[in-house]
Amino acid sequence: MLSWFRREEKRSGEKERTPSAAKPLRFEEGTAKEILKRIKEEFGLDYRRQESVTLRKIERFALKHGFTSFEELAAALEHSSRLKGGLINSLTVGETYFYRELDQIKALAEEIRANRCTSLLSAPCSSGEEVYSILLYLLESDASIPPSLHITGIDINTDALADAQHGCYSPRSVSQLPARTVEKYFTQKEKRYCIDTLFKRHTSFVYYNIFDPKFPGLGRFDAILSRNMMIYFTDEEKRKALSQLASVLNPGGLLFLGHADISFVPEGFEKIHRGRSVCYRLTG
């Protein structure tokens, strides 16, 4: 059933289709729901609460790529990993900005200062603002970033990962930063603000799906920042995701989640306070 998500690109240089003017549009809900079911099984994303909006997004995506029905789109997805990636990108557009949830950033900075955290995972990292925020805060508050610190950002949205690697942002993304910080560490290029390359020495951004069986091979981390990913998961998928995150967290490591991500203490963790933030410490 999931072969359409796992096959390689059928051919390189694939051209975008153009819809035939003579062919009627047939976007039947049943086929679209099958696409959503496959997305849920592969990526854990459950769009049932936003189903009508999500179906419209898939229809727009299909039309943009020249398909006149969900059946045509589903068949094409079986042979095109690039098309599949484009669909996932269209459904996982995140909204974030620098210094979002600053209390968690401060708590992580304290762990880093105390030499309890030299490896950090941001999952999902979106377009990189949260990753760079930690480094910015360290540099602004301590005037230095520990040379051994490395932050890995992962996401299933390839467009967001490209933005993170590029490190250039809109005025809205930097609006919560002090003006002196923007002036000191960003270069304005037209209407974008590009972060200093010194921060990129401490970062890497890679494509990873936490539900992939190979996910534990990503490495080991002292802390994980995972905000607002699990709001799209069922409780069953949340527990599976938490188990996957625990598999890459060092014993005693900390897990920081978004306020609405879970309503229970994950198995193998204890709920603790770090400054003004609540997080979960791996006890196993």
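Structure: see above.
Residues numbered from 1 in each chain as written. Predicted model: local features only at pLDDT ≥ 70, side-chain atom pairs only at ≥ 80, totals over all residues. Heavy atoms only, no water.

Caption draft 1: Here's a closer look at the nonpolar core. Judged by nonpolar contacts, the single largest core of 48 residues is most densely connected at Leu73, Leu121 and Met230. Looking at this core, the elements with two or more residues in it are helix H2 (29-43), helix H3 (51-64), helix H4 (70-77), helix H5 (81-91), strand E7 (221-226), helix H10 (235-246), strand E8 (249-257) and strand E10 (277-282). Among all residues touching Leu73, those that are not within four sequence positions of it are Ile35, Ile58, Phe61, Ala62, Phe67 and Leu83. (Core = buried A, V, L, I, M, F, W, Y, C linked by side-chain atoms within 4.5 Å. Buried < 20%, exposed > 50% of the residue type's maximum accessible area, 1.4 Å probe, protein only. Helix = DSSP H or I, 4+ residues; strand = E, 2+ residues; numbered from the N terminus. Contact = heavy atoms within 4.5 Å.)

Caption draft 2: Structural view of the state of the cysteines. If you walk through the whole model with that rule in mind, you get 1 disulfide. Note on cysteine connectivity: Cys168 is disulfide-linked to Cys194, with sulfurs 2.0 Å apart. As the torsion about the S-S bond is roughly 110°, the Cys168-Cys194 disulfide counts as right-handed. Of the two residues, Cys168 sits in strand E3 (residues 168-169) while Cys194 sits in strand E5 (residues 192-195), which places them 26 residues apart along the sequence. The same class applies to Cys168 as to Cys194, namely buried. Cys279 provides the cysteine sulfur closest to Cys117, a residue in no disulfide bond, and the two sulfurs are 11 Å apart. This cysteine, Cys125, is not joined by any disulfide, and Cys168 carries the nearest cysteine sulfur, 16 Å off. (Disulfide = S-S within 2.5 Å.)

Caption draft 3: Summary view of the sheet that holds E10. Overall, mixed pairing links the 7 strands, which are arranged E6-E2-E1-E7-E8-E10-E9 in an open sheet. At either margin of the open sheet sits one strand with a lone partner, and together these are strand E6 (203-207) and strand E9 (269-274). Geometrically, the sheet is characterised by an average inter-axis angle of 25° between neighbouring strands, direction not taken into account. Here E7 runs beside E8; their pairing, made up of 5 bridges, is parallel. For Ala223, the partnering residue across the bridge sits in E8 and is Leu254. Lying over the sheet, helix H6 (residues 102-113) contacts strand E1 (119-122), E7, E8, E9 and E10, oriented at roughly 160° with respect to E8. Across the sheet, helix H8 (residues 158-166) lies against strand E2 (150-155) and E6, angled at about 165° from E6, the strand it touches most. (Pairing = 2+ DSSP bridges. Axes fitted to C-alpha atoms, helices over the stretch in contact; angles between N-to-C directions.)

Caption draft 4: The pattern of salt bridges, seen in detail. A full pass over the atoms with the stated rule returns 13 salt bridges. Across the salt bridge formed by Arg38 and Glu34, the nearest N and O atoms sit 3.4 Å from each other. With Arg38 and Glu34 both in helix H2, this residue pair falls 4 residues apart, about one helical turn. Using a relative accessible area of 15% as the deciding quantity, one classes Arg38 as buried. Put simply, Arg274 and Glu111 hold a salt bridge, and the shortest N to O gap is 2.8 Å. Residue Arg274 is located in strand E9, and its partner Glu111 is located in helix H6; the two are separated by 163 residues in the primary sequence. Exposure remark for Arg274: the relative accessible area of 23% places this residue in the partly exposed category. Residues participating in the shared-partner salt-bridge network are Glu29, Lys33 and Glu51. (Salt bridge = Lys/Arg side-chain N within 4 Å of Asp/Glu carboxyl O.)

Caption draft 5: Quick peek at the packing of aromatic side chains. Applying the stated criterion across every chain yields a total of 10 aromatic pairs. Look at Tyr132 and Tyr169: their rings are 6.4 Å apart centre to centre, the planes differ by 75°, and that puts the pair in the edge-to-face class. Placement of Tyr132 in helix H7 (residues 129-142) and of Tyr169 in strand E3 is noted, with a sequence separation of 37 residues between them. For the pair shown, Tyr132 and Tyr169 are each scored as buried. Residue placement shows Arg239 over the ring face of Phe264; its charged tip is 4.2 Å from the ring centre. (Phe/Tyr/Trp six-rings, centres within 6.5 Å; stacked < 30°, edge-to-face > 60°. Lys NZ or Arg CZ within 6 Å of the ring centre and 35° of its normal.)

Caption draft 6: Focus on the packing of H2 against H3. One can describe the packing of H2 onto H3 by two numbers: an axis separation of 11 Å at closest approach and a directional angle of 95°. Judged on the interaxial angle alone, H3 and H2 are roughly perpendicular. Contact residues: Glu29, Ala32, Lys33, Ile35 and Leu36 in H2; Glu51, Thr54, Leu55 and Ile58 in H3. Classifying every residue of the contact of H2 with H3 by side-chain character gives 5 nonpolar, 1 polar and 3 charged. (Parallel < 35°, antiparallel > 145°, perpendicular 65-115°, else oblique. Nonpolar A, V, L, I, M, F, W, Y, C, P; charged D, E, K, R; others polar.)

Caption draft 7: Looking closely at the pairing of E10. Pairing of E8 with E10, which is carried by 2 bridges, proceeds in the antiparallel orientation. Bridging across to E10, Leu255 finds its partner in Tyr280. As judged from the 6 bridges shared by E9 and E10, these two strands associate in the antiparallel manner. Note on E10: the bridge partner recorded for Arg274 is Ser277. The antiparallel hairpin formed by E9 and E10 contains 2 residues in its connecting segment, where Gly275 sits at a positive phi of about 65°.

Caption draft 8: Molecular detail of H7. The terminal C-alpha atoms of H7, which comprises 14 residues, lie 20 Å apart, in line with the 20 Å expected from a rise of 1.5 Å per residue. Among the 14 residues in H7, 11 count as buried, and that is most of the element. Among all positions in H7, only Glu129, Glu130, Val131, Tyr132, Ser133, Ile134, Leu135, Leu136, Tyr137, Leu138 and Leu139 are buried. Among the residues trailing H7, Ala143 stands out with phi positive, at a value near 65°. (Expected span 1.5 Å × (residues − 1).)

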